[in-house]
Amino acid sequence: MVLGTVILYAFGTAWFLILTHAPLKLALTACVLPFLPGDALKMVVVCALAPVLRAALQKMETAKAAV
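Residues numbered from 1 in each chain as written. Predicted model: local features only at pLDDT ≥ 70, side-chain atom pairs only at ≥ 80, totals over all residues. Heavy atoms only, no water.

**Some details on the packing of helix 1 (residues 2-20) against helix 3 (residues 36-66)**
The description of two helices packed together rests on the angle between their axes and the distance between the axes.
Here's step 1: The contact between helix 1 and helix 3 brings their axes to 11 Å, and the two run at 160°. Taken together, the axes of helix 1 and helix 3 are roughly antiparallel relative to one another. Helix 1 and helix 3 meet at a crossing whose hand is right-handed. Residues Val 2, Thr 5 and Tyr 9 of helix 1 pack against Leu 36, Asp 39 and Met 43 of helix 3.
Here's step 2: Residues of the contact of helix 1 with helix 3, tallied by class, amount to four nonpolar, one polar and one charged. (Axes fitted to C-alpha atoms, helices over the stretch in contact; angles between N-to-C directions. Helix = DSSP H or I, 4+ residues; strand = E, 2+ residues; numbered from the N terminus. Parallel < 35°, antiparallel > 145°, perpendicular 65-115°, else oblique. Left-handed = near helix turned anticlockwise from the far one by under 90°. Contact = heavy atoms within 4.5 Å. Nonpolar A, V, L, I, M, F, W, Y, C, P; charged D, E, K, R; others polar.)

Below is the structure:
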């Protein structure tokens, strides 16, 4: 999840640099920093919910197999 986000930031920032010829510091400030808090929050929520969802899916699969 983190690696995917880093890759997306890298490509997005590179594209911004190509289009605007802006300095790297400006590109990072515009393309990465505003999105870090929200992306970090989403990752925390997903990590917290994943075990709960996995258990619910396994319970559904077990119930489905019993029928």
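Having put the structure on the table, let's press on.
**Overview of the pattern of salt bridges**
Here's step 1: Inspection of the entire model under this criterion finds one salt bridge.
Here's step 2: Linking Lys 42 and Asp 39 is a salt bridge whose minimum nitrogen-to-oxygen distance equals 3.1 Å. In this pair, Lys 42 and Asp 39 both sit in helix 3, three residues apart, roughly one turn of the helix. (Salt bridge = Lys/Arg side-chain N within 4 Å of Asp/Glu carboxyl O.)

**So, helix 1**
Here's step 1: Across its 19 residues, helix 1 extends 27 Å between first and last C-alpha, which sits within 8% of the 27 Å expected from 1.5 Å per residue.
Here's step 2: Buried within helix 1 we find Thr 5, Tyr 9 and Thr 13. When helix 1 is viewed along its axis, its buried side chains cluster within an angular range of 60° and face the same direction. Among the exposed residues of helix 1, those oriented more than 90 degrees off its buried face are Leu 3, Leu 8, Phe 11, Trp 15, Ile 18 and Leu 19.
Here's step 3: Turning to helix 1, the residues buried within the fold contact helix 2 (24-31) and helix 3.
Here's step 4: Phi turns positive one or two residues past the end of helix 1, at His 21, with a value near 55°. (Expected span 1.5 Å × (residues − 1). Buried < 20%, exposed > 50% of the residue type's maximum accessible area, 1.4 Å probe, protein only. Arc of directions from axis to C-beta.)

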